[in-house]
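Geometric and topological summary
The primary structure of each chain is shown beneath.
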Amino acid sequence: MKLEMKNICKSFGSNDVLKHVDFHLNEGEICALLGENGAGKSTLMNILGGVLEADQGEILLDGKVHSFRTPLQSLDAGIAFIHQELNLINDLAIYENMYIGRELKKPSGLLDHRRMIAETEKVFERMALDISPKTLVRELDASYKQIVEITRALLMNAKLIIMDEPTTSLTDPEIEHVFSILRTLRQQGVGIVFISHKLREVMEICDRYTVLRDGNMVSEGMVSEVTTSELARFMVGHDVRSDALDLENNRGDACLQLKGLTREPYFRDISLTAHKGEVLGVTGLLGDGRSELFSTVFGAEGSYTGEIDLDGQRVRMHSTEQAIKMGIAYVPRNRKENGIIKDMTILENGTVVSWPRLTKYLFLDHKKQKREFEKQKLALHIKMGAENDVITSLSGGNQQKIVLAKWLSENPKVLILDNPTQGVDVGAKEEIYDIILALAKAGVAVIVLSSEAQEIIRVCTRALVMYHGGIIGEVSGETMNEHAIMRLATGG
Amino acid sequence: METAQNNEKSNFFRWLAASWKKNSFFSTVCALLVMIVLQTIALGFNYPSFGEWFAAWGKNWINILRNNAGVGIVALGMTFVIISGGIDLAVGSTMVAIGAVMMLLIDGNANGVLSAIGITGVPAYLIAIIAGIGVGVLLGECSGLLIAHRGMPPFIATLGMMKICRSVTQQCMQKISPSVPKGFLAIANTRIGGEIILPILYWLLIAAILYAVSKHTAFGRQVFAIGSNERTSKLSGVNVKKVKRRVYALMGGLVAITAMIQIARIGSMDYANAGSGYEMDAIAAVIIGGTSMSGGKGSIIGTVVGMLILAVMNNLLNLIGVPPFLREAFKGVIVIAAVLLQKQESTN
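In what follows, the accompanying structure is described. (Residues numbered from 1 in each chain as written. Chains lettered and ligands numbered in written order. Predicted model: local features only at pLDDT ≥ 70, side-chain atom pairs only at ≥ 80, totals over all residues. Heavy atoms only, no water.)

The next thing to look at is the interface of chain B and chain A. Contacts between chain B and chain A engage 24 residues on the former and 29 residues on the latter. For the pair chain B and chain A, the summed buried area comes to about 2000 Å², and 55% of that belongs to carbon and sulfur atoms. It is B:R221, B:L235 and B:S236 that lose the most area in chain B upon contact with chain A, and together they represent 27% of the buried surface on that side. Counting across the interface, chain B meets chain A through three salt bridges. Put simply, A:D343 and B:K297 hold a salt bridge, and the shortest N to O gap is 4.0 Å. (Contact = heavy atoms within 4.5 Å. Buried area = accessible area lost by both parts, 1.4 Å probe. Salt bridge = Lys/Arg side-chain N within 4 Å of Asp/Glu carboxyl O.)

If you want it as structure tokens, here you go:
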């Protein structure tokens, strides 16, 4: 089945997400769809999968015009969309998952288990897979789960499969396993759209590529004719470092040192040094292990192997309480889940870390609590109503500043920030960057984790790039540009 | 003039309606007031003088409060447990276990452990009370350990504790029946101003202390924090496991005080039936008082009001002659109505 998408436009309000995009896919071809976050990849594929409707443009299958209003219509036309989060029920057997919602029944109305198992076996045979359809999905490893989703698509007679970042949660051998299945499918004439950030994988498995940037199709061609660095440049456009940093001479003694830190399966053999007065960036793609690495350093995860030195002293991290006493502060990612306590007031959210310290004769010293909070509120320019309003009454940027405030009252030696500007508007973003730089100037060792290369370039003195749980390279000064970061982050 | 009055009236009702919608605690207090008015009417005014009516009315109130002081104290602890995101089903059974330990220690006759080594009277009572609280805290710590360190759902862990405590106590105590010395009875039965109000005073004192703990101590605020968002609390340096363990230990300690009041009040303990249903009455009071079952929100004052609603309603039903079997149904209705009101508030 040959797919053509012509002149597709889509906007949300005044935001044009897709601007006259063309996309095509031949029978038995694997095409990579590349682009940064927000480039429009998901929107384009959601239009193909019937999740969204295009404002303009048409979709042709084998030359015939189709329009999909629901995912079901798209599926009926032979298009299957496999999302990043797999859609399987762990406690059911494979064959039950295959037929969920469209179970085969006997005339009596009871389930026809035998036929469902037989049909599943047939598809597995076609794919040269040696697993029993009666296995529980829970017992499968991540690659087999991915494969079960693919075979389910085949069972529904899909001629075209969209895969959204299928390898993020897989290990290298598992990825190889999925790729061999994809090659089999290609031979059988199934077309595959492969959405990924990992350029090395694209080079390995794909025939063709299409790159989107800011809703425009900026480049397409055969994979055999490009290099990973060319692809990286297509994705980011040009290199920019908007702010020259005068922190280069500010670097002091080593503050936090990690030696051979390992916690399987998230990260292994990590060695790095964060100095006083510098902003150290750690970047990479989703699932590279950086968040797990630093929540472990903060004592939130428990066991690890390897060594952590703080100011030259060997320490063993086993609780967050201990990490705080040692002068480590940690602003986690996903503010809503990890950063704020939604039922509590602004004041309480901004002081929760300090409660034990603020206790005098068994009771909290409310006066001191307010005094300390007031100081941070002025220093961080927090715009808010009454301090007894709930935290959720604030904008994202101000909520994030409250999370920062609760740490700054403790005067940390090391400040770890994971995705510090997630869900924060542009103005507040700049303010948070200024705060970070000011803290570094004052001698704090700041570590910024982010997957946004621009953010890393904007605030960091130097940055380490992680890939699949290891540090793959370091960038600083001249070499710190989006292109170099993207190349390293994708494993090249 | 008339229109102004009308305006005032409609303003009052508007304020009432708005407050009712905005704040479920307000409606809870209203419910309590209505119930008190009904109860007062049901009690009747058929007395020769105001003084006598007032005396009868007061006596009725003292009865209500005294009868509910025990469960009331348990409900205070349950408030902390539920705010922390948990539940404790074991309270009725641990009370029996603690009661047995206390009885064995205070008995002045052959069964008494302390009297066997020559300690009697006040020192024995003190030791018994301290030991009882110790056992309560220990049993609470057991639940807490299972919940905080083994990651067991609170419902399951405390269900297990509930079965274990009552069963073991009954087995151990089937051939021993310690008696309570007169002196110990004074703990609950000493008359103040001619009335037995000590259990009520214990309840109010503990409520006042726990109110302060819930509002003004790091521990109290941390209980709210972990109930609302455990992950954030942990990442803010709250020792979640320790706080949870302490919540169940506090519950155990409060159960011990209830056990003490119970023994001193009645002078005996029925190991098979005493305290059964306490957990549900306590949970009902907490929920009616506006504490959220999913944790993070609630108040000690709310629980006291919730307990009063249950108590006054029971008294009212008794006064108007509703058969005892039916009274539980009314409790059920009140709980469901309270939660419906809170739902409405949260969607508003």
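Bringing unusual backbone geometry into the picture now. Backbone geometry follows two general trends: most residues other than glycine have a negative phi, and most peptide bonds adopt the trans configuration. Residue and element names in this part refer to chain A. For the peptide bond that leads from E264 to P265, omega is 0°, which places it in the cis range. One non-glycine residue, E165, lies in the positive phi region at around 40°. Take E165: it is sitting in the loop between strand 7 (160-164) and helix 6 (172-187). (Helix = DSSP H or I, 4+ residues; strand = E, 2+ residues; numbered from the N terminus.)

Core analysis: the biggest nonpolar cluster contains 178 residues, and A:F294, A:I447 and B:F184 have the highest contact counts within it. Per-element tally for this core: the top contributor is helix 12 (residues 240-266) of chain B, with 13 residues. In this structure, B:F184 is in contact with B:I106, B:Y125, B:I129, B:M260, B:I263 and B:A264, ignoring residues within four places of it in sequence. A:L88, A:I147, A:F194 and A:V202 belong to the second-largest nonpolar core, a separate cluster that totals 53 residues. (Core = buried A, V, L, I, M, F, W, Y, C linked by side-chain atoms within 4.5 Å. Buried < 20%, exposed > 50% of the residue type's maximum accessible area, 1.4 Å probe, protein only.)

Before going further, it helps to examine the packing of helix 6 (residues 121-149) of chain B against helix 7 (residues 154-173) of chain B. Residue and element names in this part refer to chain B. Direction vectors running N to C along helix 6 and helix 7 enclose 145°, while the axes themselves pass 9 Å from each other. As for how helix 6 packs across helix 7, the hand of that crossing is right-handed. Every residue of helix 7 that contacts helix 6 at L139, C142, S143, L146 and I147 is listed here: P154, A157, T158, M161 and C165. Residue composition of the contact of helix 6 with helix 7, grouped by class: eight nonpolar, two polar and no charged. (Axes fitted to C-alpha atoms, helices over the stretch in contact; angles between N-to-C directions. Left-handed = near helix turned anticlockwise from the far one by under 90°. Nonpolar A, V, L, I, M, F, W, Y, C, P; charged D, E, K, R; others polar.)

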